[in-house]
Amino acid sequence: MTEAVTITRDGNIAVVTVDNPPVNALSFHVREPLLAALETLGGDASVAAIVLGCAGRTFVAGADITEFGKPMRKPELRDIIAVLETIQKPTVAAIHGTALGGGLELTLGCHFRVADVNARLGLPEVKLGLLPGGGGTIRLPRLVGPEMALKAIVSGTPMAAPEALSVGLVDAVFDGDLLSNAIGFARRKAAEGGSLVAVRDRSERIANADLARFDAEAAELARKARGLEAPLACAQSVRNAITLPFDEALAEERALFAKLVSGDQSRAQRHLFFAEREAAKVAGIGKEVKPRPIARIGIVGAGTMGGGIAMAFVNGAIPVTLLEMNREALDRGLAMIDKNYSISVARGSLTESAKAKRMAGLTATINYADLADCDLVIEAVFEDMSVKKEVFGKLDAVLKPDAILATNTSYLDVNEIAASVARPENLLGLHFFSPANVMKLLEIVRGEQTAPEVLATALALAKTIGKIPVVVGVCHGFVGNRMLSARSRDAEALLIEGALPEQIDKVFTDFGWPMGPFQMYDLAGLDIGWRNRKARGETAAIADALCEQGRFGQKSGKGFYLYEGGSRIPLPDPHVRTLIEAISAEREIERRPISAAEIIERTLYPMINEGTKILEEGIAARASDIDIVWVNGYGFPVGKGGPMFWAELEGFGKIVERLEHWHEQTAKDVFKPSRLLRRAAETGKLPANI
Ligand code: T1G
């Protein structure tokens, strides 16, 4: 065999080991020798049973995603599974780490599956815009039943080994030496000589499926698909497992897979998979740069952001000292955290004991001196430079020399803040997104003086608490908020010229956004923007008028929309329409119909343009980093791959042409195409090196 696949013997048990670091993906150079090994062993009379396992940290974590979009070289996974199912001796998959996608499908070709107690098993293909293409949608229902299979495949969420045992996905779970236990299991199965039934031939779990209930479940999941094709294809293929003969259903699965894998949505989601990993690779931060140990985090400010950030860290089992100015504010913050956890407990997503453990991880104080043992302190105080400088002055006085200082500012100049402390090399920005205990994105703002070790520590910390880090440079709003500002710049003009909030928001939700800009303003609170505009001496006729009437959005029951009885459902409000029309009349603007295309051109195209300026200025290292920011911080639809990926599909030439049109119409700089965007328009792509 090759080093990617080896055969060893333990008496009459043959062990086939796949060794293809880092995750034993089923690359071509694994598939070919694996098929050969199974064919050889299947026909070897001296072999009583076969154990299929992996070296390294995990069982096969899936097909090799880098091979998609190219001609698939035979043998394919399905060919290997087909051979597995012809073997007339016990075949046992020994699962550790994460058996995912094609890896789990490979195990379904075996008669038996045994797992390490810490293993996780799943079919996450839907997250790549695919469906399991190696028979998983047809075999899994035969083991766990159609509804459990539907849920697992449409969500893509892996299950832990004990749960897999309870639902019938695995036959045994071992807490100890997996290989020797798997060999013992195989030897017993061989000795028993019982009948061997391939998964494909097991029908007890699908024979009397309740199709009506299945369809109702599938319809509910489809409602949440929000324009994504893969979840629907997954549900259809699992349904075929119930209604069609095995081989017909398998052929249908293959056809559905072929369609998805060549589609834009899967290309977009596979782009995001690799982009997320690329984002964590930062220039100058190689493996030789060691992160500092972080045993305790300090947080200054227990408001919405500070409280959410505190939760994010205790959720990651990192103790937190939470500081507020006075006991009343502190108690308010602690009560909010406690309430958030209680909601999770009520929903069943958190146990009481887990909640207690997390609350115990929180130490609260109003004395800066109590932060002295913290290894990193984040300020999440009022978004005002002087307030932040005052906080950092106090931190400078009490913290250890190598303690890291972090600001959660969402747009202030991190270099200016760093210049105000005695240890600028230990300072950086950690920009969390609200709610900080939920949103995955963490913009790590690299100051001019931030030391590589400090950056490495922040990157490691992000991974510990399950955040997706993107390192960004210093500018007003960094990457996300700077582009959000460009996206919003012309939104009010669209209202005054003829559109309504509900029309614009519908264009956004039809595009795949979770909500449109005006729903977002109502959710965040119109008073925040109002205060910032007043501080900058700027105005926004419609939003200012709404604020002057006390219409701050959801928090006041009305904003751009009406929210009846404390509901969060936005209702179009005739009063707002009248207000907008009055402003149009006041400015003698003849209202006109505004098309969806125009709304996209005047909101999303300026956002793309701003993204290219961010790249030109080196604020973001890669276009794909910008995609990761927007998908994980603002809900940009994953099926479109992020703004910069989508812009290429949309056509940089078309974007430049339309931006020039609106620049002529409005003379607004936000429409003036950047040099980089013009270069991209010439070639159809953003240049690899900017
Ligand atoms: N193919 C190719 N490369 C992969 C890969 C894969 N399936 N999975 C990971 N990598 C690379 C990754 O890019 C990174 O590379 C390195 O391995 C470490 O990954 C037919 C069609 C297994 C939970 O979707 O979820 O099977 O950056 O940083 O945090 O039905 O990797 O080092 O150069 O993520 O420890 C289905 C995807 C595929 C699982 C480990 N399987 N992988 O997480 O390491 S489609 C998946 C993961 C399929 C069949 C279908 C995670 C992990 P580099 P990492 P990690």
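Residues numbered from 1 in each chain as written. Predicted model: local features only at pLDDT ≥ 70, side-chain atom pairs only at ≥ 80, totals over all residues. Heavy atoms only, no water.

A. Summary view of the pattern of salt bridges. Counted according to the given criterion, the structure contains 53 salt bridges. Among the salt bridges present, the one from Lys189 reaches Glu192, with a minimum N-O distance of 3.6 Å. One end of the pair, Lys189, and the other, Glu192, are both in helix α7 (residues 178-192), three residues apart, so they sit about a helical turn from each other. Using a relative accessible area of 54% as the deciding quantity, one classes Glu192 as exposed. In this structure, Lys668 engages Asp490 in a salt bridge whose closest nitrogen and oxygen atoms are separated by 2.3 Å. (Salt bridge = Lys/Arg side-chain N within 4 Å of Asp/Glu carboxyl O. Helix = DSSP H or I, 4+ residues; strand = E, 2+ residues; numbered from the N terminus. Buried < 20%, exposed > 50% of the residue type's maximum accessible area, 1.4 Å probe, protein only.)

B. Main features of the site of the ligand. As a structural note, the neighbourhood of the ligand is formed by 26 residues, with Arg57, Glu105, Glu125, Arg277 and Lys281 the closest of them. In this structure, Ala61 approaches the ligand through a main-chain N or O atom, which is 2.9 Å from a nitrogen atom. With the chains in place, 75% of the 1000 Å² that the ligand exposes on its own is no longer accessible. Those elements that place two or more of their residues in the shell around the ligand are β5 (98-100), α3 (102-108) and α11 (264-279). Taken together, the residues of the shell around the ligand sort by class into 13 nonpolar, six polar and seven charged. (Near = heavy atom within 4 Å. Polar contact = N/O pair within 3.5 Å; in protein donor to acceptor, adjacent residues only side chain to side chain. Areas by Shrake-Rupley, 256 points an atom, 1.4 Å probe, with all protein chains shown as cover. Nonpolar A, V, L, I, M, F, W, Y, C, P; charged D, E, K, R; others polar.)

C. Representation of the pairing of strand β3 (residues 49-54) within the structure. When you tally the buried positions in β3, you get six out of six residues, the bulk of the element. Taking every second residue as pointing to the same face, both faces of β3 are buried, with Ala49, Val51 and Gly53 on one and Ile50, Leu52 and Cys54 on the other. By the bridge criterion, six bridges tie strand β2 (residues 13-18) to β3 in an arrangement that is parallel. Across the sheet, Ile13 pairs through a bridge with Ala49, a residue of β3. One crossover worth recording links β2 to the parallel β3 by way of helix α1 (residues 28-42), and it is right-handed. Inspection of the sheet shows β3 paired to strand β4 (residues 91-95) by three bridges, in the parallel sense. Of the residues in β4, the one forming a bridge with Leu52 is Ala93. You can see the chain leave β3, run along helix α2 (residues 77-84) and come back into β4, and the turn it takes is right-handed. (Pairing = 2+ DSSP bridges. Right-handed = clockwise from strand over helix to strand, strands pointing away.)

D. Summary view of the nonpolar core. Membership of the largest hydrophobic core comes to 95 residues, with the highest contact counts inside it found for Leu395 and Trp630. When residues in this core are grouped by element, the largest group, eight residues, is from helix α25 (residues 596-616). Of the domains in this structure, domain 2 (297-475) and domain 3 (499-586) are the two that each give at least three residues to this core. Among residues more than four places away in sequence, those in contact with Leu395 are Val300, Tyr368, Leu371, Val377, Leu405 and Arg423. Within the second largest apolar cluster, 68 residues are counted, among which are Phe68, Leu108, Val126 and Leu150. (Core = buried A, V, L, I, M, F, W, Y, C linked by side-chain atoms within 4.5 Å. Domains from an automatic or database assignment. Contact = heavy atoms within 4.5 Å.)

E. Inspection of the side chain of Glu610 at higher detail. Positionally, Glu610 belongs in helix α25. Residue Glu610 is classed as buried on the basis of its relative accessible area of 10%. Ignoring sequence-local partners within four residues, the contact set of Glu610 consists of Arg482, Met483 and Ala486.

F. Fine view of the domain arrangement of the protein. Examined at the domain level, the protein breaks down into domain 1 (5-261), domain 2 (297-475) and domain 3 (499-586). For domain 1 and domain 3, the distance between their C-alpha centres works out to 50 Å.

G. Local environment of the environment of Ile655. If you trace the backbone, Ile655 turns up in helix α28 (residues 652-666). A residue is classified by how much of its surface remains accessible, and Ile655, at 0% relative accessible area, is buried. Distance from Ile655 to Gln549, taken between C-alpha atoms, is 38 Å for residues 106 residues apart in sequence. Excluding residues that lie within four positions of it along the chain, Ile655 makes contacts with Tyr605, Ile608, Ala647, Glu650 and Leu677.

H. Main features of the sheet that holds β3. One open sheet holds the six strands; their spatial order is β1-β2-β3-β4-β6-β9, and the pairing between them is mixed. A single partner strand is all that each edge strand has here, and the edge strands are β1 (5-10) and β9 (172-174). The average angle at which neighbouring strand axes cross in this sheet is 25°, direction not considered. As judged from the four bridges shared by β4 and strand β6 (residues 112-116), these two strands associate in the parallel manner. Each bridged residue has a counterpart across the sheet, and for Ala93 the counterpart in β6 is Arg113. (Axes fitted to C-alpha atoms, helices over the stretch in contact; angles between N-to-C directions.)

I. Structural view of the packing of aromatic side chains. This model, assessed by the stated rule, comprises 17 aromatic pairs. Relative to Phe636, the ring of Phe511 lies with its centre 5.7 Å away and its plane at 80°, an arrangement referred to as edge-to-face. With Phe511 in helix α20 (residues 501-511) and Phe636 in the loop between α26 (623-633) and α27 (643-650), this residue pair connects regions lying 125 residues apart in the sequence. Like Phe511, the residue Phe636 is buried in the burial classification. Ring geometry for Tyr605 and Trp646: centres 6.2 Å apart, planes at 45°, overall tilted. Of the two residues, Tyr605 is situated in helix α25 and Trp646 in helix α27; the sequence distance between them amounts to 41 residues. Across the pair, Trp646 and Tyr605 agree in class, each one buried. Taken together through their ring pairs, the aromatic side chains of Phe433, Phe508, Phe511, Trp513, Tyr605, Trp630, Tyr634, Phe636 and Trp646 make up a single cluster. Sitting over the face of the ring of Phe273, Arg277 holds its NZ or CZ atom 3.6 Å from the ring centroid. Across the ring face of Trp662, the terminal group of Arg602 is positioned such that the distance to the ring centre comes to 4.8 Å. (Phe/Tyr/Trp six-rings, centres within 6.5 Å; stacked < 30°, edge-to-face > 60°. Lys NZ or Arg CZ within 6 Å of the ring centre and 35° of its normal.)

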